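# Inside the fold
Chain by chain, the residues:
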Amino acid sequence: MSEHILVVDDSASIRQMVEVTLKSANYQVTLASDGQEAFDLCKSKSFDFVLTDQNMPRMDGLTLIKSLRGLATYRTKPIVVLTTEATDEMKARGKAAGATGWMIKPFDPAKLLQVASKVLG
């Protein structure tokens, strides 16, 4: 069975582009439109990797990461932020929250697949 990735973004077009990219490499993909929806999914399912946006309604990416790190299942799972936020300060906040990595939008599909392969090791 292929690795299962949760993609979290409030933009339907970004979710679709990321989904198509990941499915092209035979990853199983589940989509969530904000951090709260993602957190609710993660309480009942185990994903191998979470890719999340930062700026979303209901629950942002950093709050999602902190919340997931509080669940035993997600303490060590890779969580990467895919966002337009590129400041060093925001990246430092992401790392402090428990993010495994940080990618800047717009994303390069080849780079996304490279990151997925690396964190799923």
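Residues numbered from 1 in each chain as written. Predicted model: local features only at pLDDT ≥ 70, side-chain atom pairs only at ≥ 80, totals over all residues. Heavy atoms only, no water.

The name given to the protein chain in an unreviewed UniProt entry is Response regulator, with the source organism recorded as Shewanella gaetbuli.

### Some remarks on unusual backbone geometry
Following Lys105, the chain continues into Pro106 via a peptide bond in cis, with omega recorded as -5°. For Asn26, which is not a glycine, the phi torsion comes out positive at approximately 65°. Relative to the assigned elements, Asn26 resides in the loop between α1 (12–24) and β2 (28–32). A relative accessible area of 61% places Asn26 in the exposed class. In this structure, Arg58 is a non-glycine residue whose phi angle is positive, near 70°. Within the secondary structure, Arg58 is located in the loop between β3 (49–52) and α3 (61–69). (Helix = DSSP H or I, 4+ residues; strand = E, 2+ residues; numbered from the N terminus. Buried < 20%, exposed > 50% of the residue type's maximum accessible area, 1.4 Å probe, protein only.)

### Things to note about the pairing of strand β4 (residues 79–83)
Residues in a regular strand point their side chains to alternate faces of the sheet. Most of β4 sits inside the fold, with five of its five residues counted as buried. As defined by bridge partners, β3 adjoins β4 across three bridges and the pair is classed as parallel. Bridged to Thr52 within β4 is Val81. For the crossover that starts at β3, traverses α3 and ends in the parallel β4, the hand is right-handed. As judged from the four bridges shared by β4 and strand β5 (residues 101–104), these two strands associate in the parallel manner. By the bridge assignment, Leu82 is partnered in β5 with Met103. Since β4 and β5 lie parallel, the crossover through helix α4 (residues 88–97) that links them has a hand, and here it is right-handed. (Pairing = 2+ DSSP bridges. Right-handed = clockwise from strand over helix to strand, strands pointing away.)

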